[in-house]
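Examining the three-dimensional arrangement
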Amino acid sequence: MEKEIKDALNFVIGAATSLKTETEKFATNFEAEFKKLAEKGSAENSEIALNIRKYSDEALKEIEKVLGQANSKFEEIKTQVKSATEKKA
């Protein structure tokens with residue numbers, strides 16, 4: 001019985017070690033492939049690629065604008081609530 005427990009424990013340790021090693025290999029390979037594809041994409045200057053970059057940039061600017069407006073509105077409301085709360089107190 002004790003041998004089976006030790007064998008099971010060793011199996012779990014071995015599996016965990018293998019999983020860690022394979023995960024590290026995958027992460028390294030993924031990062032390398034990501035960089036390679038990003039470099040390939042940055043070198044692409046076709047009309048489609050240029051349009052994608054242009055529209056992505058415009059979309060990000062609009063998102064930043066909307067977020068800025070929402071943040072300003074939130075701060076305005078927060079100030080109004082604080083002011084109203086102080087008047088009641």
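A few points on the structure. (Residues numbered from 1 in each chain as written. Predicted model: local features only at pLDDT ≥ 70, side-chain atom pairs only at ≥ 80, totals over all residues. Heavy atoms only, no water.)

1. What to know about the overall build of the chain
Scanning the chain from terminus to terminus reveals two helices and zero strands. If you line up the chain on its principal axes, its C-alpha atoms span 75 × 60 × 15 Å. Here the chain holds 89 residues, and the buried ones make up 1% of them. Just so you have it, the chain exposes about 8,400 Å², and 64% of that area is on carbon and sulfur atoms. One way to put it: in the chain the 16 positive side-chain charges average out to a point 6 Å from where the 17 negative ones average out. (Helix = DSSP H or I, 4+ residues; strand = E, 2+ residues; numbered from the N terminus. Buried < 20%, exposed > 50% of the residue type's maximum accessible area, 1.4 Å probe, protein only. Areas by Shrake-Rupley, 256 points an atom, 1.4 Å probe, with all protein chains shown as cover. Lys, Arg positive; Asp, Glu negative; His and termini not counted. Charge placed at Lys NZ, Arg CZ, Asp CG, Glu CD.)

2. Regarding the environment of Lys-88
Checked against the element boundaries, Lys-88 lands in helix 2 (residues 47-88). Lys-88 sits 72 residues away from Ala-16 along the chain, and the two C-alpha atoms are 61 Å apart.

3. Thoughts on the environment of Lys-87
Position of Lys-87 among the secondary structure elements: in helix 2. Look at Lys-87 and you get exposed, because its relative accessible area is 70%. The spatial distance from the C-alpha of Lys-87 to the C-alpha of Thr-28 is 59 Å, given a sequence separation of 59 residues.

4. A short note on the pattern of salt bridges
This model, assessed by the stated rule, comprises nine salt bridges. The residue Lys-36 makes a salt bridge to Glu-33 at a minimum N-O spacing of 3.1 Å. One end of the pair, Lys-36, and the other, Glu-33, are both in helix 1 (residues 2-43), three residues apart, so they sit about a helical turn from each other. Its relative accessible area of 49% is what places Lys-36 among the partly exposed residues. (Salt bridge = Lys/Arg side-chain N within 4 Å of Asp/Glu carboxyl O.)

5. Points about the packing of aromatic side chains
Inspection of the entire model under this criterion finds two aromatic pairs. Between Phe-26 and Phe-30, the aromatic rings sit 6.1 Å apart at their centres with planes inclined by 25°, giving stacked as the arrangement. One end of the pair, Phe-26, and the other, Phe-30, are both in helix 1, four residues apart, so they sit about a helical turn from each other. Neither Phe-26 nor Phe-30 differs from the other in exposure class; each is exposed. Through a chain of ring-to-ring contacts, the aromatic side chains of Phe-26, Phe-30 and Phe-34 assemble into a single cluster. (Phe/Tyr/Trp six-rings, centres within 6.5 Å; stacked < 30°, edge-to-face > 60°.)

6. Remarks on the environment of Ala-43
The topology assignment puts Ala-43 in helix 1. In this structure Ala-43 comes out as exposed when scored by relative accessible area, which is 57%. Remark: the alpha-carbon pair of Ala-43 and Asp-57, spanning 14 residues in sequence, is separated by 17 Å.

This is a description of form; function is not addressed.
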